[in-house]
Structures are given as C-alpha cells and as structure tokens.
Amino acid sequence: MAEDGINSFMNGPDEQGRFGIFGGRFVSETLMPLILDLQARYDHAKTDPDFWAEMHDLWTHYVGRPSPLYHAERLTAHLGGAKIYLKRDELNHTGAHKINNVLGQIILARRMGKTRIIAETGAGQHGVATATVCAKFGLKCVVYMGAHDVERQAPNVFRMRLLGAEVVPVTSGRGTLKDAMNDALRDWVTNVADTFYCIGTVAGPHPYPAMVRDFQSIIGKEVRTQLAEQEGEGRLPDTLVAAIGGGSNAMGLFHPFLDDPSVNIIGVEAGGKGVNEQMEHCASLSGGRPGVLHGNRTYLLQDEDGQILEGFSISAGLDYPGIGPEHAWLHDTGRAQYVSITDVEALEAFQLCCALEGIIPALEPSHALAHVMKIAPTLPQDHIIVMNMCGRGDKDIFTVAKHLGFDMKI
Ligand SMILES: *Cc1c(COP(=O)(O)O)cnc(C)c1O
C-alpha cells in the first residue's frame, strides 16, 4: 500500500514517536520523565472505554458534535465542477476545532491528578479553548502568549481572563507563538508535580503529535460515516482539503483516510505574500527545511544558520514556523500533497463563502477554500471534495475590514 516498506500510514509513529525521520523526543533530561509518564498514562487511557465514553459525552453535550457535513450547493454550482462538502467544525463551542483536543488532554490531566493546566497560544484560539474547559472543571489555567500577540489579539486575551485564566505575556525572543511554547515547556519542568501541559497542535515531543491527532480524528471519523449516509454505503471522499498551521485540524480530517489509496489528501499552508526569498509566508513544507524545534524533528522556516524565522500570514492562526512531524512524513512519502495559498487568494475565498453560502469562515479555512476554488472547476461533477471548515470568522472581521478598506465606524 505505502512506499518504502510502510504497510500502513495509520500505524505511525513508531515506539520512539518517529514518523520516518521526523518526530521523536528531543527534550532535556529533566523533561524526559514527564514525557514518559504522560506517554504511559495516555497509552492506558487510549484503550480504556471509560475514557472515550467521557469524551463522547462531552463532545455531544458540551461541544455540540457531531458537526454537520454540509453540501455547499451554491459554491458547487458556482465553481462548476466537483461536488463540495464542508465539514462544519466552526459550529463547535468556542468556534473552532481546538476544543476537540483540549477536552481529551484535560480529561487525561484530571485522571493523572493534575490541578494546574498550562498552554501556549498564538492567535488565542487554543488559549480560549483551554481556559473554557478549565473553567468547566474548576482547574487553574495559565496561558503563555507572546507579548506581541497579546497586543494583536486583545479580544481573545479578554475572553481568557473572563474565563478565569491567567495570561502571561512572553517577552523573550520575538514575543510570538514559538517563544510562548518555549516558556510553557520551561514552566512544565519547574512545576512537575501538579502541572499538565496542554499543547494546541500536532507538535511538541512524542506523544503529543500522535495524541493530539487521535483526539482530532473525530473529525475524519464523522466524515466517513456522514458521507456514507449522504452519498451511499461505502462512498469515500475523492479529495480532502484542510488548512495547516501546526496541522491538527488537517491531521484530524486526514488520519482515518490515510490507508484508503483512492483518497487524495491536500494540506494548504499559508503563503502570505508569496513563498519567496523574503520569507513573507508560513509555508514550512513548501519553503522550509528539516530541523529540530519544540522537541521534534520536522520541516521548519529557518535561515542559513538554522535560526528559526517568524512566519508571515494574514491569518494569525497559521503563523507557526513549523509543521507537525506526521505531515512532514506524509509529504516526503508522497501520501499527501502540500500547497500554499496567498493572503489575497484567502481573502477572495472568504468573501465568496460569505456571499454564496451564508457562512463567515475564519481566515485559516479560507486558505483551504481558496485551493478548493482552484481545483474544483477542473474536476468532474461526480468527484467529491470534503473541506474542513475548521473555524468561524467572527474573530477575523476586523482584519478583513482593514484589508478590504472597509470603514468599521459606519
Ligand atoms: C489554530 C487554528 C488553526 C491552525 O491550527 P492547526 O493545528 O493547523 O489546525 C487553523 N484554523 C483555526 C480556525 C484555528 O483556530
């Protein structure tokens, strides 16, 4: 099925947490016992029906799952080719897919007897989801956020504080997501006994990339069932498309289909102003090279000396300078294809979705939609595309207004 002796893409990673040459556990000796403990506890929880029963109960009654699989009829007709379905994860509580994973990690933290949850956040979406679930369970919550992002994302900072979280502005480095993640890792080592580190994407040392993927895989599992209900028993999507920051919503959609060779898989990175020499983009696969960051080996945006570069994108949720190691592996083995979309293209898709479907998408999935707009017209009408609408656009209306030159004071 797979190339180079891999007989199942769904079985990754190996025991060391490696996806081919990517992933792994590049952490200090002080962190190692915490990581191994977490791994043992997760391995146990993963096969415990009670753990999943608790997840499903909260997914249903707190998050609002399953999210609909929606046939976008007007968009399909407008593009005049493939039949387009949107997986409506923007309808989840807190407005994006992040909460799928946060619930899993916090239920695990409670089982481990942890009372203090720490998290890193860039745009603030993962911080809000974590603060939300901590409020629900009465857990102390500390969110590390780059000082620069604290300024740029004031509404989410306020949301987190309303929900009872402490937001710590990080001034080290450039004061962005990468630095926030470094500080969260440092906090974890210093506060071992009571603290659980809740990571927001398929990054970090093993077992995080696999664990976060497992929690997000509910997206793809639901798609499998829902598409069969709507299109007939056994009908699989022909193409899957999702936006990639660190890659968690994409892995969640892709993973249940990795061993179905008829399913084309496409990840869409943020091309910013274009994947160019000036590096004004966040396309780690299209414009980066392998290196080690935050405990794993993967493709990273870096300069000639290996210094990590800041990404650039209109969408704050996509500007992580790396990508989950499983994506790096799917890229190099050829199982998935990765493309990039510019800010301008994403803005066009954003407007089209509002006008044709009455759905205001987040800027992140607008990148995925922009790629759908490119390929759908070239495909036959019986070709089914499923795109993950991983977040709603309320948080982005001011950014969009600014770019379109719209006066918000009217
Ligand atoms: C955080 C976020 C992303 C990027 O994270 P992934 O781990 O790549 O999914 C994408 N879309 C939305 C709406 C987000 O909030």
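Now for a description of the structure that goes with this document. Source: prediction; values computed, not measured.

Moving on: the overall build of the protein chain. Summing up its helical and strand segments, the protein chain has 16 helices and 14 strands in all. Scaling as 2.2 N^0.38, a compact globule of 410 residues should have a C-alpha radius of gyration of about 22 Å, and the protein chain matches this with 20 Å. For the protein chain, the spread of C-alpha atoms along the three principal axes comes to 55 × 55 × 50 Å. Counting only residues that meet the buried cut, the protein chain has 61% of its 410 residues in that class. Accessible surface computed for the protein chain: about 16,000 Å², of which carbon and sulfur atoms make up 51%. Positive and negative charge centroids in the protein chain, built from 35 and 49 side chains respectively, lie 4 Å apart.

What follows is about helix 8 (residues 177–190). A rise of 1.5 Å per residue sets the reference length of helix 8, with its 14 residues, at 20 Å; its end C-alpha atoms lie 20 Å apart and thus fit the reference within 8%. When we look at burial in helix 8, the residues that qualify are Leu177, Lys178, Asp179, Ala180, Met181, Asp183, Ala184, Leu185, Asp187 and Trp188.

Judged by side-chain polarity, Ile360, Ile397, Phe398, Leu404, Phe406 and Met408 come together as a nonpolar surface patch covering roughly 590 Å² of accessible area. Along the chain, Phe406 turns up in the segment after helix 16 (397–404).

Turning our eyes to something else, we now look at the sheet that holds strand 3 (residues 69–71). In space, the six strands of this open sheet follow the order 3-4-14-9-10-13, with mixed pairing throughout. The open sheet has two free edges, formed respectively by strand 3 and strand 13 (337–342), since each of these has just one partner strand. When strand polarity is set aside, the average angle formed by the axes of neighbouring strands in this sheet is 25°. Here helix 10 (residues 218–231) sits on the sheet in contact with strand 3, strand 4 (83–87) and strand 14 (384–388), set at roughly 135° to strand 4.

Pairing in this open sheet of four strands is parallel, and the strands run 7-6-5-8 from one edge to the other. The open sheet is flanked by strand 7 (166–170) and strand 8 (195–197), the only strands paired with a single partner. On average, adjacent strands in this sheet sit at an angle of 25° to one another, irrespective of strand direction. Here strand 6 (residues 140–146) pairs with strand 7 via five bridges, running parallel. Within strand 7, the position partnered with Met145 by the bridge is Pro169. Each of strand 5 (116–121) and strand 8 is contacted by helix 4 (residues 98–111), which is oriented at about 155° to strand 8, the strand it contacts most.

Now for helix 5 (residues 125–137). Taking 1.5 Å per residue as the helical rise, helix 5 with its 13 residues ought to reach 18 Å, and the 19 Å between its terminal C-alpha atoms agrees with that figure. With 11 of 13 residues buried, helix 5 lies mostly within the body of the structure. Those residues of helix 5 that are buried are in contact with helix 2 (49–63), helix 4, strand 5, strand 6 and helix 7 (154–162). The first or second residue beyond helix 5 is Gly138, which carries a positive phi of 70°.

Further remarks concern the state of the cysteines. The final tally for this structure, using the stated rule, is zero disulfides. For Cys141, which is in no disulfide, the shortest distance to another cysteine sulfur is to Cys134 and amounts to 3.9 Å. The structure places no disulfide on Cys390, whose sulfur is separated from the nearest cysteine sulfur, that of Cys353, by 12 Å. Note on Cys390: relative accessible area 4%, which makes it buried.

Moving on, we get to the site of the ligand. Around the ligand, the surrounding shell holds 15 residues, and the nearest of these are Lys98, Thr201, Gly245, Gly247 and Ser248. Contact between the ligand and Gly247: an oxygen atom at 2.7 Å from a main-chain N or O atom of the residue. Asn249 has a polar side-chain atom sitting 2.8 Å from an oxygen atom of the ligand. Computed on the free molecule, the ligand has an accessible area of 380 Å², of which 96% lies beneath the protein chains in the complex. Tallied by class, residues from the shell around the ligand come to three nonpolar, 10 polar and two charged.

Attention shifts here to the nonpolar core. Core analysis: the biggest nonpolar cluster contains 90 residues, and Leu108, Trp188 and Tyr197 have the highest contact counts within it. Among the elements that make up this core, the one with the highest residue count is helix 4 (seven residues). Discounting chain neighbours no more than four positions away, the residues touching Tyr197 are Gln105, Ile118, Ala119, Glu120, Met181, Ala184, Leu185, Trp188 and Tyr208. Judged by nonpolar contacts, the second largest core, of 31 residues, contains Leu79, Ile84, Ala368 and Met373.

About the cut-offs
Residues numbered from 1 in each chain as written. Predicted model: local features only at pLDDT ≥ 70, side-chain atom pairs only at ≥ 80, totals over all residues. Heavy atoms only, no water. Helix = DSSP H or I, 4+ residues; strand = E, 2+ residues; numbered from the N terminus. Rg over C-alpha atoms; globule rule 2.2 N^0.38 Å. Buried < 20%, exposed > 50% of the residue type's maximum accessible area, 1.4 Å probe, protein only. Areas by Shrake-Rupley, 256 points an atom, 1.4 Å probe, with all protein chains shown as cover. Lys, Arg positive; Asp, Glu negative; His and termini not counted. Charge placed at Lys NZ, Arg CZ, Asp CG, Glu CD. Expected span 1.5 Å × (residues − 1). Patch = residues over 30% accessible without salt bridge, like charges linked within 9 Å, V, L, I, M, F, W, Y side chains within 5 Å. Salt bridge = Lys/Arg side-chain N within 4 Å of Asp/Glu carboxyl O. Pairing = 2+ DSSP bridges. Axes fitted to C-alpha atoms, helices over the stretch in contact; angles between N-to-C directions. Contact = heavy atoms within 4.5 Å. Disulfide = S-S within 2.5 Å. Near = heavy atom within 4 Å. Polar contact = N/O pair within 3.5 Å; in protein donor to acceptor, adjacent residues only side chain to side chain. Nonpolar A, V, L, I, M, F, W, Y, C, P; charged D, E, K, R; others polar. Core = buried A, V, L, I, M, F, W, Y, C linked by side-chain atoms within 4.5 Å.

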